[in-house]
Amino acid sequence: MKKIVFITGATSGIGLACARKFAANGDRLILTGRNIQRLNEIKQELGGEVTTLAFDVRDRENATALISGLPEEWKKIDVLVNNAGLALGLEPEYEGDLDDWETMIDTNIKGLLTMTRLIVPGMVERNSGHIINIGSVAGDAAYAGGNVYCATKAAVKALSDGLRIDVANTEIRVTNLKPGLVETNFSNIRFHGDYERAANVYKGVKPLTGDDIADVAVFAANAPAHVQIAEVLILATHQASGSVIIRK
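Computed from a predicted model, the values in this text were never measured in an experiment. (Residues numbered from 1 in each chain as written. Predicted model: local features only at pLDDT ≥ 70, side-chain atom pairs only at ≥ 80, totals over all residues. Heavy atoms only, no water.)

> Just give me the short version of the sheet that holds strand β2 (residues 28-33), but keep the residues and values in it.
The parallel open sheet is built from seven strands, whose spatial order is β3-β2-β1-β4-β5-β6-β7. Bordering the open sheet on either side are β3 (50-54) and β7 (231-234), each of which pairs with just one other strand. Sheet twist, expressed as the average angle between the axes of neighbouring strands with direction ignored, equals 15°. In this structure, strand β6 (residues 173-179) lies alongside β7, joined through four bridges in parallel fashion. Paired with Lys178 across the two strands is Leu233, which belongs to β7. Helix α1 (residues 13-24) contacts β1 (4-7), β2, β4 (79-82), β5 (130-134) and β6 of the sheet and is inclined by roughly 170° relative to β1. (Pairing = 2+ DSSP bridges. Helix = DSSP H or I, 4+ residues; strand = E, 2+ residues; numbered from the N terminus. Axes fitted to C-alpha atoms, helices over the stretch in contact; angles between N-to-C directions. Contact = heavy atoms within 4.5 Å.)

As structure tokens, this is what we get:
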């Protein structure tokens, strides 16, 4: 049976990989991101039943207007993939950039909460749905320079666990996916476009890809109704934790 899958941050990385994997599964997609041109390109690439909403998850007013304005045939969202998120900087906490902190907190925590608040009530009303939050190994323990980013991903874990408790009396499922080292545009963004520094993050180790994470998301979404994949930690073979990576 086709699901309606709502994916935030769908224009690149794990979000785009999820869009492609769920599309290949035959699902209907609502894709969101800030770049309307890129969203339209992805819609054309995927074909099938795809609609797009261009907004920043930090903009609660715009997000609310666009989601409430969805046509009736798109409003019964079955799967919410809270993927939009980012890391900025790798400085010690006492030297961190306040604007970077605000962007991470507003996107990774408040943006996720906004999407949850806008979409999950409909799931509760229908007694059906699945929320897949993209957390991180960084939410399990801090690593050097990760401070605020790690804190936001620890919040994703706590929010996932809390929501799972809140909907335990329903048929709704909540999954927290916690990737380790994934080679996407993540490090380029973290280092504000310093591609050489970003490339060094993956040097000497074969990292995960967005597709690897998307495979797990699709698997979780299609598990039998009585099976809730609550949390999955996904690491590269030579990564043991957020801070232990063996490079060869």
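> Just give me the short version of helix α2 (residues 36-46), but keep the residues and values in it.
The α-helix advances 3.6 residues per turn, and as a result positions three or four apart in sequence lie on the same side. All of the buried residues along α2 are Leu39, Ile42 and Leu46. Buried residues in α2, looked at end-on, bunch into an arc of 65°, giving them a common side. What points out from α2, more than 90 degrees from its buried face, is the exposed set Gln37 and Gln44. Residues of α2 that are buried make contact with α1, β2 and β3. (Buried < 20%, exposed > 50% of the residue type's maximum accessible area, 1.4 Å probe, protein only. Arc of directions from axis to C-beta.)

> Can you lay out the packing of α1 against helix α8 (residues 210-221) for me, pointing to particular residues and giving the numbers?
Packing of α1 against α8 brings their axes to within 8 Å, and their N-to-C directions diverge by 50°. One element, α1, and the other, α8, form an angle in the oblique class. As for the relative orientation of α1 and α8, their crossing is right-handed in sense. Where α1 approaches α8, its residues Ile14, Ala17, Cys18, Lys21 and Phe22 are matched on the opposing element by Gly210, Asp211, Ile213, Ala214, Asp215, Ala217, Val218 and Ala221. Tallied by class, residues from the contact of α1 with α8 come to nine nonpolar, one polar and three charged. (Parallel < 35°, antiparallel > 145°, perpendicular 65-115°, else oblique. Left-handed = near helix turned anticlockwise from the far one by under 90°. Nonpolar A, V, L, I, M, F, W, Y, C, P; charged D, E, K, R; others polar.)

> Before we move on, could you go through the nonpolar core and cite the residues and values that matter?
Counting residues in hydrophobic clusters, the biggest one holds 34 residues, and the most contacted among them are Ile7, Phe22, Leu31 and Val81. Secondary structure elements with two or more residues in this core: β1, α1, β2, α2, β4, β5, α8 and β7. When residues in this core are grouped by element, the largest group, seven residues, is from α8. Core analysis: the second largest hydrophobic core is formed by 21 residues, Phe6, Ile30, Trp74 and Ile172 among them. (Core = buried A, V, L, I, M, F, W, Y, C linked by side-chain atoms within 4.5 Å.)

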